[in-house]
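Structural overview for review
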Amino acid sequence: MLLIDLHHAHAALQDNGVATLTIRHAGSLNILSSPVLEALAQAFDTLAQDSRIRVLVLRGTGDKAFVAGADIKEMRALTPDNAAAFITRLRRVCEAARQFPTPVIARLPGWTLGGGLELACACDIRIASNRVQCGMPEVQVGIPSVIHAAMLPRLIGAARTQWLLLTGDNIDAAQALQWGLLDQVVPPQRLDGEVEHMANQLAGYGPQALRQQKRMLRAWEKQSLDQAIEDSVQEFANAFKTGEPQAYMARFGEHGSTRQAPTP
């Protein structure tokens, strides 16, 4: 089912609640120019309101890159007066992925650089081809890595973040997986199958439980440990208002698995 049909963004929904948002008409490397960012922001805003979506897959067009960064040609013409507006567009898109109400899976077939790596880090799960190259090359073109690069210390630690941001060098799939920057790495011919498998697995779980868990994960980033534990007691109780625990636990008792349980 078609959900979004913009020049730079296309989204479709499968019957099981898996939606795919595709960056398109952004060159072979899916470069993030202002028009692309504006289309993606609009798409995320629309999709976030659709209660039918259980999982969102974010991908570029083709297999050369997920996103090879922001548009250097556009950035070359920036001034101090309009630079903040440009980076705010990228911030809005990354934050839309991070705050999306359901899990977001990033499909990473190749180059994932700069703003593209920040966008991937804003997603919940990153599945990559073993041909992927990840990097933050901003210092090489005279700018610092900003906005969602701030997530990197939490993901890979301070020392590795310093190396990545200060050298501007790329790391390959094996190193990115070892560092915890990627969640899964497979050969290129298996990438779509693994993304589909993960998306279908998550879509088989209770949609309200997934939304609740995603919301709690974001809240925990800001809360103290004591407060997060305290708030989770009520979150647990709230889950039983949806009917999902009753339905999925019954399914688990019958088959020993919660997957593919019917939604109440």
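Up top is the structure.
Right, let's walk through the structure included here. (Residues numbered from 1 in each chain as written. Predicted model: local features only at pLDDT ≥ 70, side-chain atom pairs only at ≥ 80, totals over all residues. Heavy atoms only, no water.)

Right, let's get into the pairing of strand 6 (residues 104-108). Among the 5 residues that make up strand 6, 5 are buried, leaving the element largely enclosed by the rest of the structure. Here strand 6 shows two buried faces, one formed by Val104, Ala106 and Leu108 and the other by Ile105 and Arg107. As judged from the 3 bridges shared by strand 4 (residues 55-59) and strand 6, these two strands associate in the parallel manner. Looking at strand 6, one finds that valine 57 is bridged to isoleucine 105. Inspection of the sheet shows strand 6 paired to strand 8 (residues 125-129) by 4 bridges, in the parallel sense. Within strand 8, the residue paired with isoleucine 105 across the bridge is isoleucine 125. (Buried < 20%, exposed > 50% of the residue type's maximum accessible area, 1.4 Å probe, protein only. Helix = DSSP H or I, 4+ residues; strand = E, 2+ residues; numbered from the N terminus. Pairing = 2+ DSSP bridges.)

A few words on the sheet that holds strand 10 (residues 170-172). Spatial ordering of the open sheet is given by 5-7-9-10, a layout of 4 strands whose pairing is mixed. The sheet terminates laterally at strand 5 (65-67) and strand 10, the two strands that pair on one side only. Pairwise comparison of adjacent strand axes, ignoring direction, gives a mean angle of 20° for this sheet. Here strand 9 (residues 133-135) runs beside strand 10; their pairing, made up of 3 bridges, is antiparallel. When the sheet's bridge partners are listed, glutamine 133 is paired in strand 10 with aspartate 172. Strands strand 5, strand 7 (111-113) and strand 9 of the sheet are contacted by helix 4 (residues 115-122), whose axis makes an angle of about 90° with strand 7. (Axes fitted to C-alpha atoms, helices over the stretch in contact; angles between N-to-C directions. Contact = heavy atoms within 4.5 Å.)

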